[in-house]
Amino acid sequence: MAATGNAEETQLQEMEEEAGMEREMDSDEEEGMGIENSDDEEDDSSEDDKENEAEIQRLEEQLSINAFDYNCHLDLIKLLRQEGELPPLRKARQKMSELFPLTEEIWLDWLKDEIRLTEEEQNREKVYELFEMAVKDYICPEIWLEYAQYSIGGMGLPGGMEKVRSIFERALTAVGLHMTKGATLWEAYREFENVILATVQPPPGSVPTCEQQELLNAQLERIHTLFRRQLAIPLMDMEGTYAEYEEWSDQGVSDTVSQKYKRALQQMEKSKPYEETLMAAEPPKLAEYQTYIDYEQKEGDPARIQIIFERALAENCLVPDMWAKYTKYLDRQLKIKDLVLSSHDRAVRNCPWTMGLWKNYLLALERHGADHHTISDVFEKALNAGFIQATDYVNIWEAYLDYLRRRVDFSKESSRELEELRAAFTRSLDYMKQDVEERFSESGDPSCTIMQVWAKIEALHCKNIQKARELWDSIMTKGNAKFANMWLEYYNLERSYGDALHCRKALHRAVQCTSDYPEHVCEVLLTFERVEGSLEDWDAAVQKTETRLNRVNEQRAKSLSQVAEKEAHLVRQEEEKTEQRRRAKADKKNQKKGQKGSGPGEKRKAEDEDNENEWGEESEQPPKRHRGEGNQGSFRGGGAEEYMETESGLFGRRAPPCRRQEPPGAKRGQQMAPATVRKTQEDNPEQRKDDCSVFISNLAFNMEDPEKRLKELFEPCGPVQSVRPVYAAKGFRGYCYVQFEGKTSVPEALKMDRREVDGRPMFVSPCVDKNKNPDFKVFKYNTNLEKHKIFISGLPFSCTKEQLEELCKDQGTIKDIRLVTNRSGKPKGLAYVEFEDEAQASQAVLKLDGTVLQEHTLSVAISNPPRRNAADKPDFSRPMGAMMPRAMVYGSRGKGRTQLSLIPRSLHRQTGSESKAENGTAPKPTGGASGDAGFEAQAKPMSNSDFAKMLLRK
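Residues numbered from 1 in each chain as written. Predicted model: local features only at pLDDT ≥ 70, side-chain atom pairs only at ≥ 80, totals over all residues. Heavy atoms only, no water.

(A) How the structure looks around the packing of aromatic side chains. For the structure shown, the criterion picks out 34 aromatic pairs. With a centroid separation of 3.9 Å and 5° between ring planes, the pair formed by Phe379 and Tyr400 is classed as stacked. With Phe379 in helix α18 (residues 372–383) and Tyr400 in helix α19 (residues 390–407), this residue pair connects regions lying 21 residues apart in the sequence. Judged on exposure class, the residue Phe379 and its partner Tyr400 are both buried. Between Tyr393 and Phe440 the ring centres are 6.0 Å apart and the planes differ by 55°, which places this aromatic pair in the tilted class. With a gap of 47 residues between them, Tyr393 in helix α19 and Phe440 in helix α20 (residues 416–440) connect regions that are remote in the sequence. Assigned by exposure class, Tyr393 and Phe440 land together as buried. (Phe/Tyr/Trp six-rings, centres within 6.5 Å; stacked < 30°, edge-to-face > 60°. Helix = DSSP H or I, 4+ residues; strand = E, 2+ residues; numbered from the N terminus. Buried < 20%, exposed > 50% of the residue type's maximum accessible area, 1.4 Å probe, protein only.)

The structure is reproduced here in structure tokens:
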């Protein structure tokens, strides 16, 4: 036994000597460098020292002003390290570590400096403390390996062997699963145990005693165990470890170990692509780590999920979302107190500006039973963290006040916790007013949510309704008296904890002050009096509400009148601009004609060319179909004339001849061969039946074989007799006519309106002969006030009907949802939601207005679409049979579309108020016309040459 002890002592001394060789070599190098310095170098060094001292002083002053200057800390530590003075260098590093988690490189430099400069045995504990600080910031295999190697140098001290093994075991728990770097720690641990094995083996040829044999067997079992543990873990290059175990073990590898090794090898092969992707990617590899994390979470091994999170955070320590995801996983899955709280602490130290991380930290502390002093300290640190939004301070105060409220025992009339809660509420309001408003120029809490919660606590738990009323008076004086939902919140509080007298008083004040939804509060007041009030109360409520609503209606009418006047003024301005452009164009054209000075034949040819430019080119453009939320155009199907209705008036012209694309090199105006002209049923007007047809528009110009495609689309509606696409010189113009064999197919076809075809909404309208029904209109959607329907704006473009239904379903029964899109099918961020009755719609407005959906704040109101046509407004008339020249028609949501007038202004005639069609019903044309007796209301449309003659007459 004595021989064994001597051998072990000798081996320990050798290991200690090896651990100290590097420090001695470094010391010798420093001394050698000092000998070689010359006098000139000493002078230069002196000047550099002065500059360094001045720079160090400047950096220290800067840090005294702003302690959170990260780069300034780094520069100061670098200069102090060059000076080689340990006390100020320690102080600078400690100060930085208190404010920020240090990176792996900074910790390794600090640890190496302390190990080299601290050689006395009594100071080893300080280095150990420093290592403990380092391993808490991040999970770094290099730091753990350095920690274990340093501890080997103290094996000769009492308990040194156990300390080394303890550090190795902690290191394996922390980073032993690291697929690429974990094997290094396993190998270092085995190497350490192999050295111990060599010390306990008896000399060759000697017979070990029983005690020696027990020590030898125990050490062999430790090494066997390390091999078995490592081979059961998926690590890179684990095949080499298995071969090493086979060679080392005298007994071979057991079947159990082989099976575990094969399972680990299969797991490693699954994870290997993710590891290879990480190795090939450039830092910070956030997307690659996220993919790896998702994979590990599906596998479900908590230890492996934790290690991949830690690896990701070591390279992405300033990504708040990653910290939030990691801490959320720990809170809900592992629930280990020390691990959870330390991770939350590291999260807020890395990203102190993120309110959500501080809020989750407070909840975690309360969840794991932290003492009140600790939670309060963390809250105070959060207030000093420097949030970037005023609302962040509101949210962190709400989280802390919720915690304080949960501490109070409200069964006692008065307690220290209750007084602390009230003091915190008072302090929060002062903080929001003095600190937050001064910094952000806004309160961050316009709805006074903190005061609302305080009032509810006083009324519900403390039975102090008088204090709650005082708080609500303060809320209303902060600009909230004009909102109906605020008054209804106060009314509900009084209804639950107050009395009928104060309920009535609150509702009367609401009727008087509310400006956004006065109808709703009036209805609530009348309902309250039906249940609670006397006849005198009922009469007073009726008189109050009628007076208020009359005043509101007068104000709205005045506002609408002002809007109408403004729009009319804009229309007049646009007309004047259009007239100026028309005159300038006419003068330019006359000037060109005068310069030519040709004979009669040439003059006529020029006129024909002008007419062709003015009329022929225009006639090739498809009729634009003006559709908004409230109306849609209607078109005549077939015949020599095609009419359409726009927002500016009725416009009719002769249909263009259907032509194919001209071949390359064809001259302008060259007549095409009859074989190239596309024949349609337009050549046979007798075969067309408008009452059996529908007009299709807004189709893609590049649609292949429109006839075949549309026939397939509309065959489910009934037998299709013909499909008549409209072509121009450049090809298909995006609209056509579909004629069915029977009238019963038309209603089914109209139901296909706005169906998406090739990514665009297809518009389907009835075919109506505008010569016989000039006033025909088709209104797909109502343009009046719809109290059972709400209008939502500010939606994200990615919002779907399902998401909108999920948002609105709690407010009532939803009958229909319509997302508004433009002509290309892209969403406009608008929607209409139809409820079963008016009460549900009003409730939806109050609850949903201001709601945030996918970082978009929604605006919600009762549906009241503006009239899309200027002619629908009072005191506004438009010409019949001709559209206004370049007249811009404006609505309350923006400018309307424009059309170029093709009729001379001398032919415009004014009529009285024109009759209106309702939802597709065509009224009979009224007789009589004003103006020129020779120009009848239903005159036959003139040809291009007729118009040209009239222009020449001018």
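This is not the end of the story, as more comes after the structure.
(B) Geometry of the sheet that holds strand β13 (residues 859–863). Spatially, the four strands line up as an open sheet ordered β9-β10-β8-β13, and their pairing is antiparallel. Of all the strands in the sheet, just β9 (814–821) and β13 have a single pairing partner and so form its edges. Between one strand axis and the next, the sheet turns through 25° on average, direction left out of account. Where β9 meets strand β10 (residues 827–835), seven bridges bridge the pair, whose relative direction is antiparallel. Pairing of Arg818 across the sheet is with Tyr832, part of β10. Seen against the sheet, helix α30 (residues 801–808) touches β8 (786–793), β9 and β10 and runs at an angle of roughly 135° to β9. Lying over the sheet, helix α31 (residues 838–848) contacts β8, β10 and β13, oriented at roughly 25° with respect to β8. (Pairing = 2+ DSSP bridges. Axes fitted to C-alpha atoms, helices over the stretch in contact; angles between N-to-C directions. Contact = heavy atoms within 4.5 Å.)

(C) Layout of the packing of helix α4 (residues 86–99) against helix α5 (residues 104–117). Two elements in contact, α4 and α5, have axes separated by 12 Å at closest approach and are oriented at 150°. In terms of axis orientation, α4 runs roughly antiparallel to α5. Seen along the crossing, α4 lies across α5 with a hand that is left-handed. Across the interface between the two elements, Leu86, Leu89, Arg90, Arg93, Gln94, Met96 and Ser97 from α4 touch Ile106, Asp109, Trp110, Asp113, Glu114 and Leu117 from α5. Broken down by class, the residue content of the contact of α4 with α5 amounts to six nonpolar, two polar and five charged. (Parallel < 35°, antiparallel > 145°, perpendicular 65-115°, else oblique. Left-handed = near helix turned anticlockwise from the far one by under 90°. Nonpolar A, V, L, I, M, F, W, Y, C, P; charged D, E, K, R; others polar.)

(D) Fine view of the side chain of Arg469. Residue position: Arg469 is located in helix α22 (residues 465–480). By relative accessible area, Arg469 is classed as buried at 10%. Excluding residues within four positions of it along the chain, Arg469 makes contact with Tyr490, Glu494, Gly498, Asp499 and His502.

(E) Structural view of a nonpolar patch on the surface. Where nonpolar side chains cluster on the molecular surface, the patch consists of Leu318, Trp353 and Ile388 and spans about 320 Å² of accessible area. Looking at the secondary structure, you find Leu318 in the loop between α14 (302–315) and α15 (320–334). Using a relative accessible area of 53% as the deciding quantity, one classes Leu318 as exposed. (Patch = residues over 30% accessible without salt bridge, like charges linked within 9 Å, V, L, I, M, F, W, Y side chains within 5 Å. Areas by Shrake-Rupley, 256 points an atom, 1.4 Å probe, with all protein chains shown as cover. Salt bridge = Lys/Arg side-chain N within 4 Å of Asp/Glu carboxyl O.)

(F) Expanded view of the pairing of strand β4 (residues 720–728). Counting buried residues along β4, eight of its nine residues qualify, which places the element largely inside the surrounding structure. Two strands pair when backbone bridges link them, and β4 and strand β5 (residues 731–740) are joined in this way by seven bridges, in the antiparallel orientation. Directly across from Arg724, in β5, lies its bridge partner Tyr737. In this antiparallel pair of consecutive strands, β4 and β5, the connection spans two residues.

(G) Region of interest: unusual backbone geometry. Of note, the bond from Pro283 into Pro284 is cis; its omega dihedral lies within 30 degrees of zero at 10°. Mapped onto the elements, Pro284 comes out in the loop between α12 (255–280) and α13 (286–299). Positive phi outside glycine occurs at Lys463, with the angle close to 55°. The exposed category is assigned to Lys463, whose relative accessible area is 65%.

(H) Seen up close, the nonpolar core. Ile396, Trp397, Ile790, Ile792 and Leu804 are the most contacted members of the largest nonpolar core, which totals 122 residues. With nine residues, the single largest contributor to this core is α19. Not counting residues within four places of it along the chain, the set of residues in contact with Trp397 comprises Phe379, Leu383, Ala424, Arg427, Ser428, Tyr431, Met432 and Ile450. One finds Val127, Leu130, Cys140 and Phe192 within the second-largest nonpolar core, a separate group that totals 55 residues. (Core = buried A, V, L, I, M, F, W, Y, C linked by side-chain atoms within 4.5 Å.)

(I) Focus on helix α23 (residues 484–497). Between its first and last C-alpha, α23 extends 20 Å over 14 residues, near the 20 Å set by a 1.5 Å rise per residue. Packed against the buried residues of α23 are α21 (449–460), α22, α24 (500–513), α25 (518–532) and α31. (Expected span 1.5 Å × (residues − 1).)

(J) Region of interest: the sheet that holds strand β7 (residues 760–766). Strand order in the open sheet made by the five strands is β4-β5-β3-β7-β6, with antiparallel pairing throughout. In the strand order of this sheet, the two ends are held by β4 and β6 (755–757), each with one partner. Neighbour to neighbour, the strand axes of the sheet diverge by 30° on average, direction disregarded. The pairing of strand β3 (residues 693–697) with β7 spans four bridges and is classified as antiparallel. If you follow Val694 over to β7, its bridge partner there is Pro766. Taken strand by strand, helix α28 (residues 706–714) contacts β3, β4, β5, β6 and β7, and its axis lies near 140° from that of β4.

(K) Seen up close, the pairing of β5. Among the 10 residues of β5, 10 are classified as buried, and the element is accordingly described as predominantly covered. Relative to β5, β3 is paired through four bridges, and the arrangement is antiparallel. When the bridges of β5 are listed, Phe695 appears paired with Tyr737.

(L) Geometry of the environment of Ile792. Among the secondary structure elements, Ile792 is positioned in strand β8. In this structure the C-alpha to C-alpha distance between Ile792 and Ser859, which are 67 residues apart in sequence, comes to 5.7 Å. Here Ile792 is in contact with Leu804, Cys808, Gly829, Leu830, Ala831, Val833, Leu858, Ser859 and Val860, once residues within four sequence places are set aside.

(M) Focus on α28. By the burial criterion, the buried members of α28 are Pro706, Leu710, Leu713 and Phe714. Taken end-on, α28 shows its buried residues confined to a sector of 85°, consistent with a single buried face. Where α28 is buried, its residues touch β3, β4, β5, α29 (745–750), β6 and β7. (Arc of directions from axis to C-beta.)

(N) Spotlight on the state of the cysteines. Taken as a whole, this structure holds zero disulfides when the rule is applied. Lacking any disulfide linkage, Cys736 is separated from the closest cysteine sulfur, that of Cys767, by 9.6 Å. Looking at the unpaired Cys808, the closest cysteine sulfur is the one in Cys799, lying at 8.7 Å. Judged by its relative accessible area of 0%, Cys808 is buried. (Disulfide = S-S within 2.5 Å.)

(O) Quick look at the packing of helix α11 (residues 238–248) against α12. Contact geometry for α11 and α12: axes closest at 11 Å, N-to-C directions at 165°. By the angle class used here, α11 and α12 are roughly antiparallel. The crossing of α11 and α12 is left-handed. Taken together, the residues of α12 that come into contact with α11 (itself represented by Met238, Glu239, Tyr242 and Tyr245) are Val257, Ser258, Tyr261, Ala264, Leu265, Met268 and Glu269.

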